[in-house]
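Report on the structure
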Amino acid sequence: MTRTRTGYPSIVCSALSPPHVAPTIALAQEQATDARAIKTEQQMTDDERFSLLISVMGTTGSITTVRDPRIPEGLPMSAGYTPGVLRLGVPALRMTDASLGVTNPGYRPEDKGATAMPASVVVGSSFNPQLAREGGAVIGREARIRGFNVVLAGGINLAREVRNGRNFEYYSEDPYLSAVLGAEAVNGIQGEGVISTLKHYTLNCNETNRHWLDAIIDPAAHRESDLLAFQIAIEHSQAGAIMSGYNKINGHYAGGNHHLLNEVLKGAWGYKGWVMSDWGATPEWDFALKGLDQESGAQLDVMMWRTEPFTEPLRKAHAEGELPKERLSDMVRRILRSVYAVGIDKWGPAPEVDMARHSEVALETARQGIVVLKNDGVLPLAADKPLKIAVIGGYAQLGVLSGTGSSAVLPVGGYAAVIQIGGTGIMGGGRNLYLFPSSPLAELKKLLPTMHIEFDPGQTPAEAVLLAKRSDLVLAFGIRSEGEGFDLADLSLPWGQDAVIDVVASVNPNTIVVLETGNPVSMPWRSKVKAIVQAWYPGQAGGQAIAEVLTGKVNPSGRLPITFPADLAQTPRPELPGLGTPWGTPIIIRYDEGAEVGYRWFAKKGEKPLYAFGHGLSYTSFDYHDLEVGGGETITASFTVTNTGKREGADVPQLYLTEVPGEKRMRLLGFERVELRPGQSRRVTVTADPRLLARFDAGADHQWRISTGTYRVALGKSANDFVLTGAAPLTPRLFGR
Ligand code: BGC
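Residues numbered from 1 in each chain as written. Predicted model: local features only at pLDDT ≥ 70, side-chain atom pairs only at ≥ 80, totals over all residues. Heavy atoms only, no water.

1. Remarks on the overall build of the protein chain
Our working rule: To qualify as a helix, a DSSP run of H or I must reach at least 4 residues; to qualify as a strand, a run of E must reach at least 2; elements of each kind are numbered from the N terminus. Our radius of gyration is a C-alpha quantity, and the globule rule it is checked against amounts to 2.2 Å times the number of residues to the power 0.38. When accessible area is computed with a 1.4 Å probe and restricted to protein chains, residues below 20% of their type maximum are described as buried, those above 50% as exposed, and intermediate ones as partly exposed. Throughout, a residue-residue contact means that at least one pair of heavy atoms, one from each residue, lies within 4.5 Å. To measure how exposed things are, a 1.4 Å probe is used in the Shrake-Rupley method; for residues, cover is taken only from the protein chains shown.
The secondary structure content of the protein chain amounts to 17 helices and 31 strands. Whereas a compact globule of 737 residues would reach a radius of gyration of roughly 27 Å, the protein chain reaches 25 Å, a difference of no more than 12%. Taken over 737 residues, the protein chain has a buried fraction of 63%. For the protein chain, contacts bridging at least 24 residues in sequence account for 76% of all contacts bridging at least 6. Carbon and sulfur atoms provide 52% of the accessible area of the protein chain, an area that totals close to 25,000 Å².

What follows is the structure, encoded as structure tokens:
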């Protein structure tokens, strides 16, 4: 990476190689792409350059219902539109939200819906990068047939806070797991010729007053956690764009954060794509000097910050010499580079899309992501006995829950129901309880035709108990609508559901609870129930997947990507700063846990969670043996996994760092999802990314440091359940980036 005269990292020099390509070919391709971007940019007029630096929102009720005149007639409405430069073959950028499927917040009436994938936290629970890639490909293809060439996907913020309303849109609390899964989702999308973002860079880990939230963190700890997730995800995927967050980090807005954008992302990491803002997150034109390349959803900035659109003051600054010509060129070249690298300028006819196959991917993702947390022998449901089963609550007669906000997908055929919830702030109007039409009740009836299954809505404890008492077994559904713009006040289930489950479990000892939530809940009734199944927001086929796991048609293999605390007192912030403050209140959250997020925090504090990161039960059993650990430049561990039970199933052995010289330190070093028949074994090898073994020195060195000595590791079924341990010496070294 070279620095230009003005000190802004430019993209002229190549740095990263795309994965899976021979380095010399990759370098040649990179250089050709760089050169093409430069050549096109050089032929542009300033008007054309500035036109690329802003996107406008399509018609939407929250802004206006009138079509923005900058968007040509006949184009599908979307989250963002940037005109192209047709004379130079640069296509318009047509952007849509698509983390969990291509969205349509009501402004494309002719579009009857897309595949509604399970939430990203479900993909996180699958610990399956291949599945993440397939889900990405579904999204890429469905974006493409609608003419969208940029998707706002790839949410990889860490679940630092179990009250964050948007955790369902993210993969996990662990940087490595989130990076690997997020990167594969992006690879799936970009493999279809559609640019994807990785978002929201960075530390947008809470929703309350997010536009005024200052996230404070130690810079070295930041590199070892949230930034490491972005760094690895970028290396593995070459995502075409990065979306900055709404919040400030250490006093500076994410979109105008010179250190994080110019010095880290574009400087140290050599990122070559473009940085777009989040929607309504560009209050100042000089964010351009601090690393922002494109303003998104310009009308929102006008509304929120009462500023002129970015490009007007930008033009003025350029005319007055405050925005150097080189920087203007760099902003444009970065966009062009991703256009060419992903190939959105070369689209032929849209590919055929097999929606049935896409439904299968949605179903399979839900199957692999549902986590059985507790099972006192009641699951899978015994199909041979004609039982009387009570299904209680959670709108299980209608469907399964989706999260709310900009990621919400209108499924093919529409929702089973939309119940308005509402709330404060500008996100309040769109806060709904969305139900996808995959009814767990109907699916259970299909799979258990000889059972007598009755439904009670679980409106009151007194009513629910009537059915529970006269049933052999109760399936109680607990739901909580979570979403963008809102953090949770606590870990309870809303609308009195905890009381319903408690009383139902008191009268019926065979109670099984199925949870559809985006975050952990406290489960005060936990000891009274026989089984607990965490189904998250399982997408358009969620009801079927839930029924298949309950009945044993599918052997569960999901593992928790977020630690379930026993209570909030165990977490880094028992009180959430700013919770409940009115819209517009500046708030500060100190992420003092630093890099010790989630299970790392629990290990550091010696706290035992309700359910540990990585935990999840199966209907078969697995054994680990013959662990061999090698050292040197990094840790390599090989071990054998054997299915010792009677059923085919998948396991996720997890390798953790537990101790470095002189200090206990927990880090997930690697994992693999292994499918095994009864009696079958497989040898697995995990090689740790050395950055997971190192400490980042944020002082003068700006390097990763591995100290000499013995590093201890454990092979476990969760962060709290180790089966084998080992150790190996590492050689000391300092390395950059
Ligand atoms: C969200 C982004 C989203 C954008 C466009 C924002 O409110 O934070 O994730 O991509 O809206 O809809």
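2. Thoughts on the packing of helix α1 (residues 23–42) against helix α11 (residues 325–342)
Definition in use: Structural elements are reduced to axes, namely lines fitted to C-alpha atoms, with helices fitted over the stretch in contact, and the angle between N-to-C directions of any two is expressed from 0 to 180 degrees. Oblique is the label for any angle not covered by the other classes, which are roughly parallel (under 35 degrees), roughly antiparallel (over 145) and roughly perpendicular (65 to 115). A clockwise turn of the near helix away from the far one marks a right-handed crossing, whereas an anticlockwise turn of less than a right angle marks a left-handed crossing. We call Asp, Glu, Lys and Arg charged. Ala, Val, Leu, Ile, Met, Phe, Trp, Tyr, Cys and Pro are nonpolar, and the rest, Gly among them, are polar.
Where α1 meets α11, the closest approach of the two axes is 8 Å, and the angle between their N-to-C directions is 125°. By the angle class used here, α1 and α11 are oblique. Considering the relative orientation of α1 and α11, their crossing is right-handed. Within the contact between the two elements, α1 uses Glu30, Thr33, Asp34, Arg36, Ala37, Ile38, Thr40, Glu41 and Gln42 and α11 uses Lys325, Ser329, Val332, Arg333, Leu336, Arg337, Tyr340 and Ala341. Among the residues making up the contact of α1 with α11, the classes are represented as six nonpolar, four polar and seven charged.

3. A closer look at the packing of aromatic side chains
Here the distance between the centres and the angle between the planes together describe a pair of aromatic rings. Defined as follows: Any two rings among Phe, Tyr and Trp, with Trp reduced to its six-membered ring, count as a pair given centres within 6.5 Å; such a pair is stacked if its planes are under 30 degrees apart, edge-to-face if over 60, and tilted if neither.
Taken as a whole, this structure holds 17 aromatic pairs when the rule is applied. Aromatic pair phenylalanine 168 and tyrosine 537: ring centres 5.4 Å apart, planes at 75°, arrangement edge-to-face. With a gap of 369 residues between them, phenylalanine 168 in the loop between β3 (150–152) and α5 (175–190) and tyrosine 537 in the loop between β18 (531–534) and α16 (542–551) connect regions that are remote in the sequence. Ring geometry for tyrosine 415 and phenylalanine 436: centres 6.1 Å apart, planes at 10°, overall stacked.

4. Some words on a nonpolar patch on the surface
How we decide: For patch building, the residue pool is restricted to those with more than 30% relative accessible area and no salt bridge; the joining distance is 9 Å between like charges and 5 Å between nonpolar side chains (Val, Leu, Ile, Met, Phe, Trp, Tyr). For salt bridges, the criterion is a side-chain nitrogen of Lys or Arg within 4 Å of an Asp or Glu carboxyl oxygen.
Taken together, Met303, Ile426 and Trp583 make up a surface patch of nonpolar side chains, about 260 Å² in accessible area. Structurally, methionine 303 is set in helix α9 (residues 298–305).

5. Description of the site of the ligand
Note the cut-off: Each residue is tested against the molecule or strand, and it is near if at least one of its non-hydrogen atoms lies within 4 Å. N or O atoms closer than or at 3.5 Å make up a polar contact, with two conditions inside protein: a donor-capable atom paired with an acceptor-capable one, and, for residues adjacent in sequence, both atoms drawn from side chains.
Every residue lining the ligand is accounted for by Asp97, Leu152, Arg166, Lys199, His200, Arg210, Met243, Tyr246, Asp278, Trp279, Ser406 and Glu484. Between the ligand and histidine 200, the relevant distance is 2.7 Å, taken from an oxygen atom to a side-chain nitrogen or oxygen of the residue. Within the side chain of glutamate 484, a nitrogen or oxygen atom sits 2.5 Å from an oxygen atom of the ligand. For the shell around the ligand, the class distribution of residues is four nonpolar, two polar and six charged.

6. What to know about the pairing of strand β6 (residues 241–244)
What counts, and what does not: In this description, strands pair whenever DSSP reports at least two bridges between them.
Judged by which residues are buried, β6 turns out to be covered on both faces: Ala241 and Met243 on one side and Ile242 and Ser244 on the other are all buried. Where strand β4 (residues 195–201) lies against β6, four bridges are found, and the strand directions are parallel. Considered in β6, the bridge of threonine 197 is made with alanine 241. As paired strands, β6 and strand β9 (residues 274–276) are joined by three bridges and run parallel to one another. Note that in β9 the partner of methionine 243 across the bridge is methionine 276.

7. Remarks on the domain arrangement of the protein chain
For the record, the criterion: Segmentation into domains, and thus their bounds, comes from an automatic or database assignment. Defined here as a combined quantity, buried area equals the accessible surface (1.4 Å probe) lost by two parts on assembly, summed across both.
For the protein chain, the assigned domains are domain 1 (368–570) and domain 2 (620–735). Here the C-alpha centre of domain 2 lies 34 Å away from the C-alpha centre of domain 1. The interface is formed by eight residues belonging to domain 1 together with nine residues belonging to domain 2. Taken together, both faces of the contact between domain 1 and domain 2 bury some 620 Å²; the carbon and sulfur share is 31%. The three residues of domain 1 that bury the most area against domain 2 are Asn555, Ser557 and Arg559, which together make up 74% of that side's buried surface. The interface formed by domain 1 and domain 2 holds one salt bridge in total. For arginine 559, the salt bridge is made with aspartate 651, and the minimal N-O distance between the two is 2.9 Å. Where domain 1 meets domain 2, there are five residue pairs in polar contact (both at pLDDT 80 or more).

8. Re the nonpolar core
The condition that has to hold: To form a nonpolar core, buried Ala, Val, Leu, Ile, Met, Phe, Trp, Tyr and Cys residues must be joined to one another through side-chain atoms within 4.5 Å.
Core analysis: the biggest nonpolar cluster contains 134 residues, and Tyr201 and Trp279 have the highest contact counts within it. Contact partners of tryptophan 279, with chain neighbours within four places excluded, come to Ser55, Met57, Ala79, Gly80, Met95, Leu152, His211, Met243, Tyr246, Ser296, Gly297 and Leu300. Residues Ala468, Leu493, Val549 and Leu568 belong to the second largest nonpolar core, which totals 88 residues.

9. A closer look at the pattern of salt bridges
Per the counting criterion, the structure on display carries 57 salt bridges. The salt bridge involving arginine 682 is made with glutamate 672; its shortest N-O contact spans 2.5 Å. Residue arginine 682 is found in strand β26 (residues 681–687), and its partner glutamate 672 is found in the loop between β24 (663–671) and β25 (674–676); the two are separated by 10 residues along the sequence. Residue classification places glutamate 672 among the partly exposed residues on the basis of a relative accessible area of 25%. Aspartate 689 is the partner of arginine 691 in a salt bridge, and the nearest nitrogen-oxygen pair spans 2.8 Å. Several salt bridges converge on common partners, so that one network encompasses Arg160, Glu161, Arg163, Asp226, Arg573 and Glu593.

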